[in-house]
Amino acid sequence: MAKSYREELVGVFGDPIDENPTVVVASKAFEQLGIPYRYVTINVKSEDLKDALQGLKAMNFKGIHLTIPHKVAALPYLDSISEEAAIMGAVNTIVNQDGKLRGENTDGKGFMKSVANAGYDVSGMKIVMLGAGGAARAIAVELCRAGIGELVIINRSEERGQGLVKTISENFDVKVSLRLWDKTMPIDADADILVNTTSIGLFPNVDEKPDIDFDTIHDKMVVCDVIPNHPHTQLLKEAEKRGAKTIDGLGMLINQAVESIYDWTGKVPEAEVMKEALAAEYGISVHY
Ligand code: NDP
């Protein structure tokens, strides 16, 4: 039989996108699975998203990841959406099934796995969340599904913050409230987990930190960041100085990629192999 040079295409759309390391873990996963898939990292501006999604069908991509600023904006252009992603109102994974685009969301699942792998059971916990965008919605829904006791959302824009409060209160029996982020915010002393879901600190703005009172963080708190930079964000460094346990965004990135690769290929890659690829890329140890 003649040799086939054809590859199946997947990848990520985002803006900015240059430093997104998902290609490292996805490529390793495809190599480990022994399947001819290629993951491409593509800068797509907001105004081009609709055309870019049509392009997936034209070029027969198997699927795509979406990152900032596309996770909510993509919804009107999809043919269907999973029940979970519909509650979240955000998608991070699109599957192209016979020319129809289906929206999924693996961000929250990736985050939850990182927390579980670090040894924490979130049931009954009080969570303080910075941000109310796509990543926040995914994580908030998964936290509520896992039975947290209370969610406090701190967000700059009232509209987006209220939108997430409404989603949670309509779908879950969890105490939820919004605080407007218009000053340096203290973190509640009785919070079990503080999670940053904003893009503050994302490359290239690696010196930025959220405007919170870092002295309200203490050693009984777990502080999580979704930013997949390396080594640690300024937020995590401030938290470590105060004795808090920290969970970084790299582990979440690996775990959500495992879920997405399963959605695209029907195969489950080894997270350990992907972790090693990322660690080798950065010369660090990665918790996932
Ligand atoms: P969105 O644009 O949907 O949401 C961004 C959120 O950040 C909004 O709540 C926005 O507030 C807030 N925000 C941004 N800048 C500031 C600021 N200077 N001060 C206060 N609030 C701010 O983005 P996403 O949710 O899609 O992505 C957010 C981050 O999560 C990205 O950095 C992305 O890299 C990361 N991420 C990491 C993943 C991983 O696997 N580790 C997976 C998914 C995301 P407002 O509503 O006021 O505009």
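Our structure is the block above this text.
Keep in mind it's a predicted model, so treat the numbers as computed, not measured. (Residues numbered from 1 in each chain as written. Predicted model: local features only at pLDDT ≥ 70, side-chain atom pairs only at ≥ 80, totals over all residues. Heavy atoms only, no water.)

Student: Honestly, the overall build of the protein chain in this entry has me stumped. Any pointers?
Tutor: Of regular secondary structure, the protein chain possesses nine helices and twelve strands. What you see for the protein chain is a C-alpha radius of gyration of 19 Å, in line with the 19 Å of a compact globule of 288 residues. By its C-alpha atoms, the protein chain is 65 × 40 × 30 Å across when sized along the principal axes. The burial tally for the protein chain puts 52% of its 288 residues in the buried class. Once local pairs closer than 6 in sequence are excluded, the contacts in the protein chain between residues at least 24 apart make up 69%. Here the protein chain displays about 13,100 Å² of accessible surface, and carbon together with sulfur accounts for 48% of that area. Positive and negative side-chain charges of the protein chain, numbering 30 and 42 respectively, have mean locations separated by a distance of 2 Å. (Helix = DSSP H or I, 4+ residues; strand = E, 2+ residues; numbered from the N terminus. Rg over C-alpha atoms; globule rule 2.2 N^0.38 Å. Buried < 20%, exposed > 50% of the residue type's maximum accessible area, 1.4 Å probe, protein only. Contact = heavy atoms within 4.5 Å. Areas by Shrake-Rupley, 256 points an atom, 1.4 Å probe, with all protein chains shown as cover. Lys, Arg positive; Asp, Glu negative; His and termini not counted. Charge placed at Lys NZ, Arg CZ, Asp CG, Glu CD.)

Student: I would appreciate a short explanation of the site of the ligand in the present structure.
Tutor: Taken together, 25 residues sit near the ligand, with Ala135, Asn155, Ser157, Val226 and Gly249 positioned nearest. Gly133 is positioned such that a nitrogen or oxygen atom in its backbone is 3.4 Å from an oxygen atom of the ligand. The separation between a nitrogen atom of the ligand and a polar main-chain atom of Val226 is 2.8 Å. In the complex, 86% of the free accessible area of the ligand, which totals 930 Å², lies under the protein chains. Broken down by secondary-structure element, the contributors of at least two residues to the shell around the ligand are helix H5 (134–145) and helix H8 (249–265). No other element matches the four residues that H8 contributes to the shell around the ligand. Of the residues assigned to the shell around the ligand, the class counts are eleven nonpolar, ten polar and four charged. (Near = heavy atom within 4 Å. Polar contact = N/O pair within 3.5 Å; in protein donor to acceptor, adjacent residues only side chain to side chain. Nonpolar A, V, L, I, M, F, W, Y, C, P; charged D, E, K, R; others polar.)

Student: What's the story with the sheet that holds strand E12 (residues 245–247) in this structure? I'm lost.
Tutor: Neighbouring strands of a sheet are bound in pairs by backbone hydrogen bonds; such pairs are parallel or else antiparallel. Taking strand neighbours across the sheet as the criterion, the six strands line up as E9-E8-E7-E10-E11-E12 in an open arrangement whose pairing is parallel. In the strand order of this sheet, the two ends are held by strand E9 (175–180) and E12, each with one partner. Pairwise comparison of adjacent strand axes, ignoring direction, gives a mean angle of 20 degrees for this sheet. Bridge analysis of strand E7 (residues 126–130) against strand E10 (residues 193–196) gives four bridges, and the strand direction is parallel. Within E10, the residue paired with Met129 across the bridge is Val195. (Pairing = 2+ DSSP bridges. Axes fitted to C-alpha atoms, helices over the stretch in contact; angles between N-to-C directions.)

Student: Sorry if this is basic, but what is going on with unusual backbone geometry here?
Tutor: For residues besides glycine, phi is generally negative; the peptide bonds are generally trans as well. The residue after Asp15, namely Pro16, is reached through a cis peptide bond having omega 10 degrees. For Pro16, the position within the fold is in the loop between strand E1 (8–14) and helix H1 (22–33). Cis geometry is adopted by the peptide bond preceding Pro69, which originates at Ile68 and carries an omega value of 10 degrees. Within the secondary structure layout, Pro69 lies in the loop between strand E3 (63–66) and strand E4 (80–81). Of note in the backbone geometry, Asp98 takes a positive phi value of approximately 50 degrees without being a glycine.

Student: Help me understand H5, please; the structure alone is not making it clear to me.
Tutor: Because an α-helix packs 3.6 residues into every turn, residues spaced three or four apart end up facing the same way. With twelve residues, H5 ought to run about 16 Å at 1.5 Å a step, and its terminal C-alpha atoms sit 17 Å apart, in line with that. Within H5, eleven of the twelve residues are buried, which leaves it mostly tucked inside the rest of the structure. Within H5, the full set of buried residues consists of Gly134, Ala135, Ala136, Arg137, Ala138, Ile139, Ala140, Val141, Glu142, Leu143 and Cys144. Lining the buried residues of H5 we find helix H3 (83–88), helix H4 (107–117), E7, strand E8 (150–155), helix H6 (158–171) and H8. Trailing H5 by a residue or two, Gly147 shows a phi angle of about 90 degrees, which is positive. (Expected span 1.5 Å × (residues − 1).)

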